[in-house]
Amino acid sequence: MSRIIIIGLDLAKRSFQVHGVDRRGKVVLRKKLSRENVLAFFANLPPCLVGMEACGGAHYFAREIEKLGHTVRQMSPQYVKPYVKRDKNDANDAEAICEAVSRPNMRFVPTKSVEQQDILALHRIRERLVAGRTAIANQARGLLLELGLVIPQGIRHVRACLPQICEDLENCLTLIERDYLSDLYTELVELDEKIAKYDKLLLAVGKASKACTRLMAIPGVGVLTATAVVAAVGEGKDFRNGREFSAWLGLVPRQHSTGGRQRLFGPSKRGDVYLRKLLMHGSRSVVRHSKAKEDGRSKWLNGVAARRGTCRAIGAQANKTARIIWAVLAKDQEYKAAA
């Protein structure tokens, strides 16, 4: 049998499909593996290029297979889809992965370390807790509105007003209403404590990382943004320049051009939604505080806001912040504010 040069590995929960070709592209291996036998199979193979889709469990298998001497490349499923022939099944998917990973211009997803995945897990759990806290606050305001009691918008108003309303015996609330409103407030306090715990963990991670410390010197970048960016892209060297990083975050205009006519629309909003949200929130703060400043960046932002509106100024600042982040990470240097 010819020596296997490239392997396409279709990941799953239990049944894994392998498709291998030699240096001429001839198929020399089609095999189905159970989850328990995947690593043993690659341990008995000579070093080769292994392609897989970036999906659940991909980073784990990429790290383990690389330890066995192979080169692993992960790809976004949307880039593999065009190579699927005929109907979709595991064998055709593995063949498509094998074909896609051999393309010279294919874009790959860098393999995350265990530490990066741990930091991203902290962010995901915290984001879920924040969403739950917002849901509780909105539910409490909605229920009180049905009872004729209005709480101003904002979670700080819910924290302040809800216990007062529950303790006020002169209002129109029944015992049942006081009971469930009290439960909602208890849930709100518990979520506040859990979120504060994850905030402390992320702050400790940020202070212990030199890359995060450098990023936090950039205006509009705090602990959450710095730790999330470092966990997602590492040193940022997988991007050729800052514009590629900004485009990956979906902060550049969406394009639909043809026949020499260039048509640009709003932000593409591709890529990591969470990172883009953090950058937009940080940029919103920068734009708000720039109104009272006279430095070069503030004058530029104020000019964009005057000509194009505040929302476009926020998007422009987020784009600029993303490019600065890439420069600080990829070039391993400190942030220097413009004169």
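So, on to the packing of aromatic side chains. Summed over the entire model, instances satisfying the criterion amount to six aromatic pairs. When the centroid spacing of 5.2 Å and the interplanar angle of 80° are considered together, the rings of Phe41 and Phe42 count as edge-to-face. Phe42 carries the same exposure label as Phe41, and that label is buried. With a centroid separation of 5.4 Å and 55° between ring planes, the pair formed by Phe239 and Trp248 is classed as tilted. Trp248 sits in the partly exposed class, given a relative accessible area of 32%. Every member of this aromatic cluster is reached through a ring pair, and the members are Phe16, Tyr60 and Phe61. Over the ring of Tyr198 we find Lys197; its NZ or CZ atom is 5.6 Å from the centre of that ring.

Let us look at the layout of surface pockets. As a volume, the largest pocket reaches approximately 1,400 Å³. Contributing to the lining of the largest pocket are 39 residues, with Phe108, Val109, Phe239, Trp248 and Gly271 lying nearest its centre. Every element with two or more residues in the lining of the largest pocket is listed here: α3 (77-80), α5 (114-146), α9 (223-233), α10 (242-248), β6 (253-255) and α11 (273-290). In terms of residue count, α5 provides more of the lining of the largest pocket than any other element does, five residues in total. Taken together, the residues of the lining of the largest pocket sort by class into 19 nonpolar, nine polar and 11 charged.

Among the 11 residues of α9, nine are classified as buried, and the element is accordingly described as predominantly covered. Of all the residues in α9, the buried ones are Thr225, Ala226, Thr227, Ala228, Val229, Val230, Ala231, Ala232 and Val233. Contact partners of the buried residues in α9: α5, α7 (175-208), α8 (210-215), α10, α11 and α13 (310-330). Directly beyond the C-terminal end of α9, a positive phi value near 65° is found at Gly234.

The rules we used
Residues numbered from 1 in each chain as written. Predicted model: local features only at pLDDT ≥ 70, side-chain atom pairs only at ≥ 80, totals over all residues. Heavy atoms only, no water. Phe/Tyr/Trp six-rings, centres within 6.5 Å; stacked < 30°, edge-to-face > 60°. Buried < 20%, exposed > 50% of the residue type's maximum accessible area, 1.4 Å probe, protein only. Lys NZ or Arg CZ within 6 Å of the ring centre and 35° of its normal. 1 Å grid on protein atoms, 1.4 Å probe; cavity = no way out; pocket = protein on both sides within 12 Å on 5 of 7 lines; lining within 4 Å. Points joined across faces, edges and corners; volume = space filled by probe spheres on them. Helix = DSSP H or I, 4+ residues; strand = E, 2+ residues; numbered from the N terminus. Nonpolar A, V, L, I, M, F, W, Y, C, P; charged D, E, K, R; others polar. Contact = heavy atoms within 4.5 Å.

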